[in-house]
Structure formats: structure tokens, C-alpha cells
Amino acid sequence: MEAPGKLPPLPALRTFEAAARHLSFTRAAEELHVTHSAVSHQIRALEAWLEFPLFSRQGRAVVLTRAGEELLAVSNEALRQVSDTVGVLRRRINVNRLSISVMPSFAGRWLAPRIAGFIEANPGCEVNVVSTTERSDFVRDGVDVAIRWGFGGYTGVRSELLMADVLFPVVGARFAGRLPRTPAELAGLPLLRSDGEDWVPWFRAVGLDWPEPSAGLMQNDSGLVVQAAIEGQGVALARGSLAALALRNGQLTRLFDVEVPVMYREGQDVSAEHGFDADGLPRRWAYWLVLPQRGGETPLRQAFVDWLRAEMAADAAAGFGPEPA
């Protein structure tokens, strides 16, 4: 077999492909999880290696040169073929290994307490849980399945709605105060909340014209709010999914039947996802199952997806979690 000719550096070529596809160094940096300057450096290095320019600037925008357009056409297909082949080979060889990428809040309060049941039902399997807020590159990160909190529509992958979530007040068994019998009796109690999941929509749903609490504990992770309530630190506005197990085992008690959906709030950083629909209305946050675009299914991954949906359905049937999709 004849050896291939001299090839450009693969990291630079991959950076070029992302920048050319988006026509944006900033969006390429977000996709590759690197800085804007790192993208610029890789593009300059590739152009120096090639000895011709790939981009030209028109005002604040970048456009491809004719040579850039031709290189994009072949590099996009070549990188996709390599990605697909690596994915197929990895899944064929590592049939008993499953790598799951999931947000820290969901990993800690939903997945970690349950995953032993999945492993027991699938003896001999190895499960690796990657707790991260970053989107996964299935080939680079060796991930088989991801669970994401957002609005779906992710590019380059398949995404399926798992469940939307709801917010309602909960209190821990260790709470020392008197439990409120009406929403108005929440006045004066420590109200726990997570950044971006405000109390005001719930207040309005129960007829209270109250402002957002400005004192007490504010967390940047929804799972930590649930844990604070379990420890008796106050009344938490909790996601139903993250509170479900603690409600089932008696660590938490739900206060009142009123719940509100978790909606996009203007100003939240949702990266490439946008928080408004075609009519300009806020979207509802939800959990999404994210899978590789190509590469075929494996029995272990399908078993995990089936188990995941069954667990969510069991929470809902018992009255402790939101309804799955």
C-alpha cells in the first residue's frame, strides 16, 4: 500500500474544520473547549504550513478563501469518516464498557444512588460516569451516552427528550422549625434556592405577590440545594427529579401540591442553545438523552437507555418525580 503524502497537523486541521464550518473563531473555540487565541494560533500555524491563506476578514466577520472552501469540503468528510470508524471500533471492542457523561447535579442526586442497580442487572459491565457541565465529544472523550440539561437541538448528535422538570418546595426531616400549613406561612422561614431557579414564579402560582428572596443560602448547583434541605437548613425550591429519591426514603417532605416548570430566564448562558422558541416565548428546560450521530447501537448502551427511562417512570408512578417523555 502506498504511503499517504505529507499531511498537515491533525489538531490544526480539526481546528480549521470547526472554524470554517461556523465561520467563527469564537464558536469554534466553544465547540473545541479551547480559547479564542488558541484557535487563532492553530489557524495561523496551518496557513504557514500550507503557505496560503484559508480565511480573509470582511469587517468583523471571517470568510473562507477559495482554497479554504476546497480544503473544508475534503477535511469535513475525512474527519467525519475517521470519527465514525473510531466510534464503531471502540464499541465493537469494548462491548462491556459504558461511559456516561452527565451534569454534576444529576450525577450526584439522581444517577449515583441508582447506578449500582444497573450494574447488578448487567453483570460484567464496567460503567464510567463523567460528571461535567461541558458537552462531550463522543470520539475524543470516549463517551457512549450523555444526559444534558437544556433545550435539545444539539448539532452533530442525536438527542431525545427524557423529561422536563418542575420546581416545588421541600423541607428536610431534620428541619427544626414548624412546618408551614399554607404558602403564606413561608414568610420568615429560610428559603433555599439555586441560581437561575427563582421562587417568584412559584409565589405567583400560589397567589403571593412576593419578591425574590434576597437573603439566606444561594447555590450554583441544584443538587446542593436539595442536600441543604436534607440537612435541615431551610425550605428549598427543588427540582422534582433531584428530590425524588429523598422524598421516597423520607429524608424530604414536599410542601403543597403546586409546582411550576423550569423555564428559561433571559440572561442565562445557554451557549449554542437559545432560550426562546419561534414565537419568542421562553423555552422549558428539560433533560435530554444525547447519542452519537453515527456508529451503531450496542446492547449495553440500549440496556442503559431502557433502564434510565424505567427508573424515571417508576419515580413518576410513585408520585415523587416528573413525568418522563
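What counts, and at which threshold
- Residues numbered from 1 in each chain as written.
- Predicted model: local features only at pLDDT ≥ 70, side-chain atom pairs only at ≥ 80, totals over all residues.
- Heavy atoms only, no water.
- UniProt positions renumbered as here; feature names shortened; annotations may be inferred.
- Pairing = 2+ DSSP bridges.
- Helix = DSSP H or I, 4+ residues; strand = E, 2+ residues; numbered from the N terminus.
- Axes fitted to C-alpha atoms, helices over the stretch in contact; angles between N-to-C directions.
- Parallel < 35°, antiparallel > 145°, perpendicular 65-115°, else oblique.
- Left-handed = near helix turned anticlockwise from the far one by under 90°.
- Contact = heavy atoms within 4.5 Å.
- Buried < 20%, exposed > 50% of the residue type's maximum accessible area, 1.4 Å probe, protein only.
- Arc of directions from axis to C-beta.
- Polar contact = N/O pair within 3.5 Å; in protein donor to acceptor, adjacent residues only side chain to side chain.

- Per an unreviewed UniProt entry, the protein is named Transcriptional regulator GcvA, and its organism is Denitromonas halophila.
- UniProt's Sequence similarities (unreviewed entry) comment on the protein is quoted here verbatim: "Belongs to the LysR transcriptional regulatory family."

**Focus: the pairing of strand β1 (residues 55–58)**
Here is step 1 of the chain: Both β1 and strand β2 (residues 61–64) contribute to a ladder of 4 bridges, which runs antiparallel. For R57, the partnering residue across the bridge sits in β2 and is V62.
Here is step 2 of the chain: Hairpin connection from β1 to β2: 2 residues lie between these consecutive antiparallel strands, with G59 at a positive phi of about 70°.

**Comments concerning the packing of helix α5 (residues 104–111) against helix α9 (residues 240–248)**
Here is step 1 of the chain: At a minimum axis distance of 8 Å, the contact between α5 and α9 shows a crossing angle of 25°. The orientation of α5 with respect to α9, classified from their angle, is roughly parallel. Crossing geometry of α5 relative to α9 is assigned as left-handed. Together, S105, F106, R109 and W110 of α5 and S241, L242, L245 and A246 of α9 make up the contact between the two elements.

**A closer look at helix α2 (residues 25–32)**
Here is step 1 of the chain: Taken together, the buried positions of α2 are F25, A28, A29 and L32. Down the axis of α2, the buried side of the element spans an arc of 100°, and every buried residue falls inside it.
Here is step 2 of the chain: Those residues of α2 that are buried are in contact with α1 (10–22), α3 (36–50), β1 and β2.
Here is step 3 of the chain: A side-chain oxygen of the first residue of α2 lies 3.3 Å from the backbone nitrogen of T26; this N-cap is S24.
Here is step 4 of the chain: Once α2 ends, the next one or two residues include H33, with phi positive near 60°.

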